[in-house]
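# Report on the structure
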Amino acid sequence: MIIANVALDGSGVLFDIELAGSVIAAITPAGTRRAAGDEVLDGGGGVALPGFVDSHVHLTQWAAARKRIDVGPAMSAADAVALVYPYARTAGESVVRANGFRDAQWPEEPHKDLLENALPGARVAMTSMDLHTLWLSPALLDDLGIDHPTGVLRDVDGLEAVMALEEQEDPAELDRAVLDATAALAVRGVTGVVDFEFADNKTVWDRRLTAGSPAVRVDTTVWPQWLDEALERGERTGDVSALSELIRRGPLKVMLDGSLNTRTACCHDRYPGIEGDDAYGLMLETREGLFELVSRASRGGIVPAIHAIGDRANGVALDAFERAGCGGRIEHAQQILPEDITRFAALGVAASVQPQHAMADREIAEDLWAGRRSVAYGYGTLHRSGATLLFGSDAPVSPPEPLAGVAAAVFRTDDDRPPWHPEEAVPLEVALRAACGGRGILRVGDTADIVVLVEHPVHRSAHDLADTEIRATICAGALTHASAG
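Residues numbered from 1 in each chain as written. Predicted model: local features only at pLDDT ≥ 70, side-chain atom pairs only at ≥ 80, totals over all residues. Heavy atoms only, no water.

### As for the sheet that holds strand β15 (residues 304-308)
- In space, the eight strands of this open sheet follow the order β6-β12-β13-β14-β15-β16-β18-β20, with parallel pairing throughout. Edge positions in the sheet fall to β6 (52-57) and β20 (389-391), since each of these pairs with one other strand and no more. Going across the sheet, the axis of each strand differs from the next one's by a mean of 25°, ignoring polarity.
- As defined by bridge partners, strand β12 (residues 190-195) adjoins strand β13 (residues 217-222) across four bridges and the pair is classed as parallel. Note on β13: the bridge partner recorded for D195 is T220.
- Across the sheet, helix α15 (residues 428-435) touches β6 and β20, and the angle it forms with β20 is around 65°. (Pairing = 2+ DSSP bridges. Helix = DSSP H or I, 4+ residues; strand = E, 2+ residues; numbered from the N terminus. Axes fitted to C-alpha atoms, helices over the stretch in contact; angles between N-to-C directions. Contact = heavy atoms within 4.5 Å.)

### Details of the pattern of salt bridges
- Tallied over the full model, the rule gives 29 salt bridges.
- Note that D219 and R248 form a salt bridge whose closest N and O atoms lie 2.8 Å from each other. Of the two residues, D219 sits in strand β13 while R248 sits in strand β14 (residues 247-255), which places them 29 residues apart along the sequence.
- For D219, a relative accessible area of 15% corresponds to the buried category.
- Salt-bridge contacts for R417 lead to D415; the nearest nitrogen and oxygen are separated by 2.9 Å.
- The structure contains a network of salt bridges with shared partners spanning R287, D319, E322, D340 and R343. (Salt bridge = Lys/Arg side-chain N within 4 Å of Asp/Glu carboxyl O. Buried < 20%, exposed > 50% of the residue type's maximum accessible area, 1.4 Å probe, protein only.)

### Here we look at the UniProt feature "domain: Amidohydrolase" (unreviewed entry) in the protein
- According to UniProt, the "domain: Amidohydrolase" (unreviewed entry) feature falls on residues 39-480.
- The annotated region residues 39-480 carries 34% helix and 20% strand content, and the separation between its end C-alpha atoms amounts to 15 Å. (UniProt positions renumbered as here; feature names shortened; annotations may be inferred.)

### Section: the sheet that holds strand β10 (residues 133-136)
- A sheet is described by the order of its strands in space; here five strands give the open sequence β7-β8-β9-β10-β11, paired in mixed fashion. Looking at which strands have only one partner, the edges of the open sheet turn out to be β7 (69-70) and β11 (152-154).
- The pairing of β10 with β11 spans three bridges and is antiparallel. Within the sheet, the bridge partner assigned to W135 lies in β11 and is V152.

### Looking at the side chain of S393
- With respect to the secondary-structure elements, S393 resides in the loop between β20 and α14 (402-411).
- The exposure class of S393 is buried, given its relative accessible area of 2%.
- Side chain to side chain, S393 and D54 meet in a polar contact 2.6 Å long.
- Here A395 takes part through its backbone nitrogen, which lies 3.0 Å from a polar atom of the side chain of S393. (Polar contact = N/O pair within 3.5 Å; in protein donor to acceptor, adjacent residues only side chain to side chain.)

Structure, rendered in structure tokens:
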């Protein structure tokens, strides 16, 4: 295949990109090397960039969320119940699933009794927008064998309940939904993802491949529950599956703290309005336990990726990397002490961040983290310190829209409000590299994972960069999306 008439940067100079299988074989001035019989994809004067990589998604959760009730607009627990009410009334014995509520600023706490009073006997499960809270009705709690005073399960308890719910679903149906979701990612210019789904991801993807091939590359994370098995099999981060070149073993995922929305992100300062030990958030691993996981995984060739949101959790994560003598990733890195920021580059730890979260969380962050010494959503400070940035969406927490993430990082706003902490913006070229999994301009010998845009984002404003048209997506040399135009 030849991708013809495309620029490689914002200069507008056009080239042809010749592919040989899944590799870029040549890049030549437009029209100079074409021959009769060549398969030509005309880029129409657009720009070809390395394909977008969503460095943090939950593929099964996002695939399922695409078919669930959206309770994101709810301004209270009562609003959320009202949004699911019409569906639950006619659901019978089916489980009613909803996604997206944000309860940090609600006037009342969610509770199982609110669901029971409005919908007696209904089986309802609502997942928060950050995936850290699961709100269940009494009937569904009984089905799952969970005895809980409020029916609101947070952090690890919520993850385990989500897994229990998924065990009741048809795996074949879930597999089809996930493969369909990867096709939807290709439409957005995505050629690769790191799948952080809480599951035995090797087993899941080995099974899933019998249903079809994904439209993107998938790096499958391993959680601590399955680490011993992965190490015993000799798996290393980057290893390609024997079943498909599109599936690779990804990093180890360790949950170290909670989230901002649930006020469980572990911080040095207290959360307003909370008393006792919980006022600082939750630490889900001890220092020794975290060090043991990080060192054991890294010795076996599996890169550690630590979920850390609060400044205290980020400091502990960096301590673990330093003590283990290895690099890795910190997922989210939303609040960091100034003295810890320079440690990312020094230790070889990448900051895997989600720029759309900064826009969605700006009001909550101002409310819960106001006046603190730490830097919140400090992408600019991290970049200036030499840290490697990787962008993702954490879908379904934010939609997997790479260009929306780029726009949020560059302009620090996604609506008509003024930029939020504009000093934390990053240059466009930095944001694009972070959105492309660390790759810059396309070069001969690169893997043929390519996105073709109608024009280079440098020519787009804050309001329309996110809406830049994707003309084509190529993954491993295969065309996975082409626009009708």
